[in-house]
Every structure is written in structure tokens, then in C-alpha cells.
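Each chain is listed here by its residues.
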Amino acid sequence: MTSPLEQKKIKIAGPSVVTANRTWDGIVVYRTAAKSWSADLSEAAIVRNSDDAKALLAESVADDVGAIGPYIAPVQVGVDGKVEPGNLREQIRRTGVTIGQPAQV
Amino acid sequence: MYAYDEIDRTLVNERVSEFRDQVKRRLSGELTEDEFKILRLQNGVYLQLHAYMFRVAIPYGTLATNQLRALAHVARKYDRGYGHFTTRQNIQFNWIKLAELPDALADLAKVGIHAMQTSGNNMRNVTSDQWAGVAPGEIEDPRIWSELIRQHTTLHPEFSFLPRKFKIAITASDHDRAAIKIHDIGLKLIKNEKGETGFEVLVGGGLGRTPFIAKTIKHFVHGRDILSYIEAILRVYNQYGRRDNIYKARIKILVHELGIEKFSREVEEEWQHIRNSSLQIDDEVIEDIRSRFTYPAYEKLPHMPDELRQAAADPEFEAWRKNSVAPHKVQGYSIVTISLKPIGKPPGDATAEQMDALADLADKYSFGEIRVGHEQNLALPHVAKRDLPALWKALDKLGLATPNVNLITDIIACPGLDYCSLANARSIPIAQELTRRFANHELANLIGRLHINISGCINACGHHHVGHIGILGVEKNGEEVYQITIGGRADEGAALGNLIGPGVKFDEVADVIEDVVEAYLALRERPEELFIDTVKRLGVEPFKERVYATR
């Protein structure tokens, strides 16, 4: 999964969201249409073209106290409107590590 | 153990107060993330996929039991109950909250632990041999010199904004357990013909996207001159190192582009200006540091105590002993490596309960001392041989007696795409599957010493270039693909591995590694010929043919 840290240009190929990490605790959050942040992907604002993506990202970057490191991430929107992460990286960010955390002894 | 003085304690405490204020200003919006980022990095705080990651320094890999308990406390109170030991003798916590970090740092400061310079473009934690001070045949304890360099470089203003991060490792043994040849500066303690202590100095090693094995820049630098010589190297790097391109900013690129001869001339010229300055170390300074290292009051013990003789009848104990117990410089004692590589579990992870219990065992059996090795295992450096059976039983109950040290399941792996924001592919699940494939101890023993190193991106935190088998995860068309190299090594014969063929998919990696191992078993001349020696003798081709013939 190409790290978004290597994203040079904003060019989207399908539905996308802006995601970041909440400043005070670092959890994964998504930019909402209400100009806020939510930990729930289903509440994320979906953008479908580069201009909207740029605007959403610019607004997110401006909210520096709320969340850090915002970037555009692909999503898949099902016929029922359900939003799912668009790649493995984002899937892992949403659902957690794929390995199980060390069991308590 | 090393006892910090008042200056150290004050420095660490002041740093906590300073960072508490910085965090407060960040959370209030007084500091932007751009302004804050460099400050948090200087305190070991990264942003990863799911949360902040907090990297704590363990200078030269030495921990006291109260320090290990403090790490367990941080894991339990501020994180998710575990920590991850890294390839540079540090520990990382993966789920820490920024708002709670100052409290975590304050709790660690009480036992003299900090996170200064565990990230950022400065001098990182000075690492050393995890067997320092106890390994037979060692020139002297390399931690004395590690500590000298740590003191000199910590918060040194000239080295706080280097072109890129800078790592030093020191060994004092012929067998290099500190991987000095893959460091920016590698130091090997030696004696000259007059019997004086000094260093062979190597420079320009490193992995990442452009790997290099370090080259010897000077065959002997007297101990009293080592600070000035290191400073000369750093000054040349600071002056000429590239700041315009992060991928070309490490000293290895500078050494490569200038050539070692020109680079060494530059260093020599700089050194002549400063070698007779206040950087020249008085014997008293070294003696003061030496005096702050305490060593156990060893007993006079037999080479082969009855307890050990009796326990030898138990094949499970013997399997562990042969694998995990190494000779000590003092008769009757052993160095015990504790595998953090249980079958099917993430390499290098330890739970808070394991850390606490291990601290108790270290108090009981190892004079209160624990070591961290770059292979992501721990060690108890002073265990009486008579105590080995009891220690083994206790470790086994904790899940810490897997007899796989230096075997194929003793895998180094970076956090990979499960945690890391830079990663392109997962590392830990590959390691887990490989440990399951080679879980049979007889098979692992039949294979013998074999190091598999896995990185989830080209930054190479899992040291894949120097694994006997290296696995590098990359991304291709949105999928995880793994490139496999063989023939790398990180010891005194350090070498970079060579690709054996095209990358393979996530689900195919373990099959391919099995094929590589089967090829080795068929190709080796005798059971004693290690994998790395067979590769050296035959090269990549025979392995490539066997692995890819049916693919």
C-alpha cells in the first residue's frame, strides 16, 4: 500500500474521504460533512472529484487542533451506500492490526 | 548497571517538564503540528497508523529491574498491556495518547528512563553488545565508552539538527553482536601493540533504500581521542551532508559519493584542529564512568554444578540450554538469552505481566539486570549455572522459554503495515506464519543457525538486507509483494543479501522460504555447513533454480 506520505498530487480515481489521527489521543478519524471529525467511517464526507477532494483536504488541514496528518484515502461505496475502506492500509486503520495483540499471560 | 548522577537526573526531569508544557501548548492550539512535530520527535513520539507511538531509550540495552517494571507499568497504564522491543535496543509502545505522554515520561523519569533522541535528526541511542561486560574474551566492557558517547552527544547543540538521524554501535568482541557494520559509525574496541585501548572506527554503514556496509576509516584511534574523532566525523557530515534530499541525507551517501579516502582526509583535517582540545578525555573521566558501573559480587562456583548435571536428563531442558545459554566470563555463571519469538506470536513483543515477572526473575537469578539485544530478544547476563533449571521452569511458565535462539524461527521483523505509517506491506503475519511452518524443534535444529529478517518497506527497520534470508514487503498494483534475498549477514562478516528472483505474493512467502530451506538442506556439503556458508559457496543461482523452477 503506497504510504500517503508519498502522495505528491491530489488525483482521485473514485470515491474518497479525508482521514487523519485525532490530536489528543491519536485515534483514526474521518472528516465529516459537518466540518468535524468522526471515528466512524460511515459519517465521513465522500468526495468524488479532485476539486472537492482538495477543498475537503484544505479544510481538514486548517483544523490543526482537531486532528493531524490529514490525507485523502480511497473508499468503496456499496449499492446500499455502505462505505468501506478502499485498500488494505485503510482497512487495517479502520479495523485494527491483523495479527492479534499479545495475549495476556 | 550504571548509576546516573545528579546531572543526569536533573536533565531527565527538566525534559519531562519541558515536554509537558509543549504538549499542553499543542493541545490548546498554541503550537501547530508543524511547530510541535520536531519537539515530539525529539521525545520519541511518532504518529503511526492507529495512534501515537512512543519509543523509549534503553542505552546500550541495559535495564535494571525497577526500570523494566516501570516499562511494564507504562504498558499497563498508558498503553494496551504490551511493548515491542526494537532492533536498536529500544522499546516502543503503540497505543499511547498524546495527552497522557507527559505522565508516562514522568513515571519513567523516576527510574532514570527517558525518550530523548530516540527519533529525529540527531544522535540516536548508542547501542552495544547485549553481552557487554560478561562475554568471555572481551577487550573491556564497551558500555563504558557507550556511556561516554551518550553523555557527550545527549542534547549536544551541534548534533541536534543533523542532516539525518545518526546511529553509533560499539562492540568489544571479535564476534560482533552489535551489528556495527550497518551503523553510521561502528566502533570496535581493540588494543594496539602497546596494549593501549582504542578503537577501529568504521563509518558509512546503513540499510534503508541504499544499503552500505561500513568501511574502516581509521584502524586505531586511542580511547582518549575517541570523542574528538567522532566529533570530527560529525562535523564533516554536518557540513557536507545533504539536507535537500531526505533519501540522500545519511552519512553513508556522503561517504559513498566522496569516497572513503577523501572523506577520511576531510575528517583527519578537522580532527587535527580539535584532537588536543577539551575533547581529549582524561583518564579520570573514564574511571569515573567505570566506577558508576556496578558489577555483581560473583561467587566461586563449580563449572558443572549438580543441579545442572541432573537437569541434563530432561531433553526439553537440554534443548533450551543448548540453544539459549552461553558461556560467561566467570566460571559457574552463564548468559541466558530469552527468546521473545514464541511460535505464532509477534517477534519482539512482551506483555506487562511478562516484563514484571522477568524483573522478578532477574532479581532472583541475575543480580537485578536485564539486557536487550538488537535481535529483539532479552538476556539475563549473570545467571549461576546451578540456577538454570529453576530459571528455565519459571521462564517456561511465562511463555519465555522457546528454544529457538538463532534458529529459523528467531525472526527479526519490523512492525510493518499492521502499525507503521511508512510501511507498504505487513511483516508480522509473515513472521508468524514462518514460525508455524518451522515450529518443529527437530527440524529447526536440523536446519541450524539461520536468520530471517523481515521489513515492511524499503526503510529496512527489520534489517532485511542483512538477514541470511531477507524478506522485503513492497506494494505493487495495490497488492503486497515480497522480495526475497539470501546471503546477508550483520556480524563481523557483514554482507548484503542478493535477490533470488521476482517478488511473490503474501500467501506464497512461506512456501518460497520452505523451498529455499529445502534447497539448502539438499545443497549443503555436511550438516555443519550453515545456510549462510552454503550460499557463500554456491551463490544465488542454485537456490533460484530450485525455488522458481516450478513457479
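Nothing here was measured: the structure is a model prediction, and the numbers come from that model.

*Asks:* Before we go on, may I ask you to explain the packing of helix H14 (residues 428-437) of chain B against helix H16 (residues 509-523) of chain B in this structure?
*Replies:* A pair of packed helices is characterised by two quantities: the angle between their axes and the separation of those axes. Residue and element names in this part refer to chain B. At a minimum axis distance of 9 Å, the contact between H14 and H16 shows a crossing angle of 45°. Judged by the angle between their axes, H14 and H16 are oblique. Considering only the axes of H14 and H16, their crossing is right-handed. Packed against H14, whose contacting residues are Ile430, Glu433, Leu434 and Arg437, the element H16 presents Val509, Ala510, Asp511, Ile513 and Glu514 at the interface. A breakdown of the residues in the contact of H14 with H16 according to their chemical character gives 5 nonpolar, no polar and 4 charged.

*Asks:* Would you explain the domain arrangement of chain B in this entry?
*Replies:* Interfaces are often sized by the amount of accessible area the parts lose when they come together. All names here are of chain B. For chain B, the domain assignment lists domain 1 (6-109), domain 2 (142-291), domain 3 (306-397) and domain 4 (412-548). On a C-alpha basis, the centres of domain 1 and domain 3 stand 28 Å from each other. Between domain 1 and domain 3, the contact holds 21 residues from the first and 24 residues from the second. Of the roughly 1900 Å² buried between domain 1 and domain 3, counting both surfaces, carbon and sulfur atoms make up 55%. The interface formed by domain 1 and domain 3 holds 3 salt bridges in total. With a shortest N-O distance of 2.8 Å, Arg69 and Asp360 are connected by a salt bridge.

*Asks:* I would appreciate a short explanation of the pairing of strand E1 (residues 16-22) of chain A in the present structure.
*Replies:* Each regular strand carries side chains that alternate between the two faces of the sheet. Residue and element names in this part refer to chain A. Most of E1 sits out of view: 6 of its 7 residues are buried. Relative to strand E4 (residues 67-77), E1 is paired through 6 bridges, and the arrangement is antiparallel. Across the sheet, residue Thr19 finds its bridge partner in E4, namely Tyr71. Two elements, E1 and strand E2 (residues 28-31), share 3 bridges in a ladder whose sense is antiparallel. Looking across to E2, one finds that Thr19 is bridged to Tyr30. Remark: 5 residues form the turn of the hairpin made by E1 and E2, two consecutive strands paired antiparallel; Gly26 in that turn has positive phi of roughly 85°.

Conventions and cut-offs
Residues numbered from 1 in each chain as written. Chains lettered and ligands numbered in written order. Predicted model: local features only at pLDDT ≥ 70, side-chain atom pairs only at ≥ 80, totals over all residues. Heavy atoms only, no water. Axes fitted to C-alpha atoms, helices over the stretch in contact; angles between N-to-C directions. Helix = DSSP H or I, 4+ residues; strand = E, 2+ residues; numbered from the N terminus. Parallel < 35°, antiparallel > 145°, perpendicular 65-115°, else oblique. Left-handed = near helix turned anticlockwise from the far one by under 90°. Contact = heavy atoms within 4.5 Å. Nonpolar A, V, L, I, M, F, W, Y, C, P; charged D, E, K, R; others polar. Domains from an automatic or database assignment. Buried area = accessible area lost by both parts, 1.4 Å probe. Salt bridge = Lys/Arg side-chain N within 4 Å of Asp/Glu carboxyl O. Buried < 20%, exposed > 50% of the residue type's maximum accessible area, 1.4 Å probe, protein only. Pairing = 2+ DSSP bridges.

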